Amino acid sequence: MAQNNNLQPLAPSFRYEDLGISVKATPQVTGTNDVVLKFELTLKGLSGSAFNGIPTITNREYTGTITVRDGESSVIAGSMDRAEQAGLQGMPWVSRIPVLGAATGTRSRSFTGNQILMVLTPHVVRQFRDRNAVVETYLEGN
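A few points on the structure.

About the thresholds
Residues numbered from 1 in each chain as written. Predicted model: local features only at pLDDT ≥ 70, side-chain atom pairs only at ≥ 80, totals over all residues. Heavy atoms only, no water. Helix = DSSP H or I, 4+ residues; strand = E, 2+ residues; numbered from the N terminus. Buried < 20%, exposed > 50% of the residue type's maximum accessible area, 1.4 Å probe, protein only. Core = buried A, V, L, I, M, F, W, Y, C linked by side-chain atoms within 4.5 Å. Contact = heavy atoms within 4.5 Å. Salt bridge = Lys/Arg side-chain N within 4 Å of Asp/Glu carboxyl O.

The next subject is unusual backbone geometry. One non-glycine residue with positive phi stands out, namely N52, at about 55°. As for its placement among the helices and strands, N52 is situated in the loop between β2 (34-51) and β3 (54-69). What makes N52 exposed here is its relative accessible area of 68%.

Spelled out as structure tokens, the structure:
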């Protein structure tokens, strides 16, 4: 009995992925009107390469806490990826010879990079007041 080494599913299967930037910020206002942001940033995208015909998805995540004052801006910046590509164009094998290759071929090198910059400015719209808290009111009369 012959074995089949091709392990392919009988029917094609698909899985959908959300790509792009996902930002989740959970604010908390302190007693001094400072805003504490618990921040989660997720970046998903196609990497440009494939494995067995299936596109590869890149996934970058950042989680942190930022404390700023009401109306004060905060900047989040970072480098997402960097790539370097080198190329050699010319006659096969001849362009690799050190002296002769410079005359018969051309070398190229390119650098690419993606960066992200986000500016967050929280504003306190309404403050929570506890109904059980004691509030003192001073009145001045004539």
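Now that the structure has been shown, we can carry on.
Moving on to the nonpolar core. The tendency in soluble globular proteins is for nonpolar side chains to be buried side by side. Counting 11 residues, the largest nonpolar core consists of V35, L37, F39, L41, L43, I66, V68, I76, I116, M118 and L120. Contributing elements (two or more residues each) for this core: β2, β3 and β5 (105-120). The residues touching L43, leaving out its near neighbours within four places in the chain, are G20, I21, T58, N59, R60, M80 and I116.

Inspection of the secondary structure assignment puts R82 in strand β4 (residues 74-90). Sequence separation of R82 and Q115 is 33 residues, and the distance between their C-alpha atoms is 9.0 Å. With residues up to four places along the chain from it excluded, the contact list for R82 reads T112 and G113.

By the definition in use, this model includes 4 salt bridges. One salt bridge in this structure joins R69 and D34, with 4.0 Å as the shortest N-O distance. With a gap of 35 residues between them, R69 in strand β3 and D34 in strand β2 connect regions that are remote in the sequence. The residue R109 makes a salt bridge to E84 at a minimum N-O spacing of 3.4 Å. Taken together, the positions of R109 in strand β5 and E84 in strand β4 put the pair 25 residues apart, joining distant regions of the chain. Members of the salt-bridge network, linked through shared partners, are R15, E17 and K44.

Function-wise, these values are silent; they only describe arrangement.
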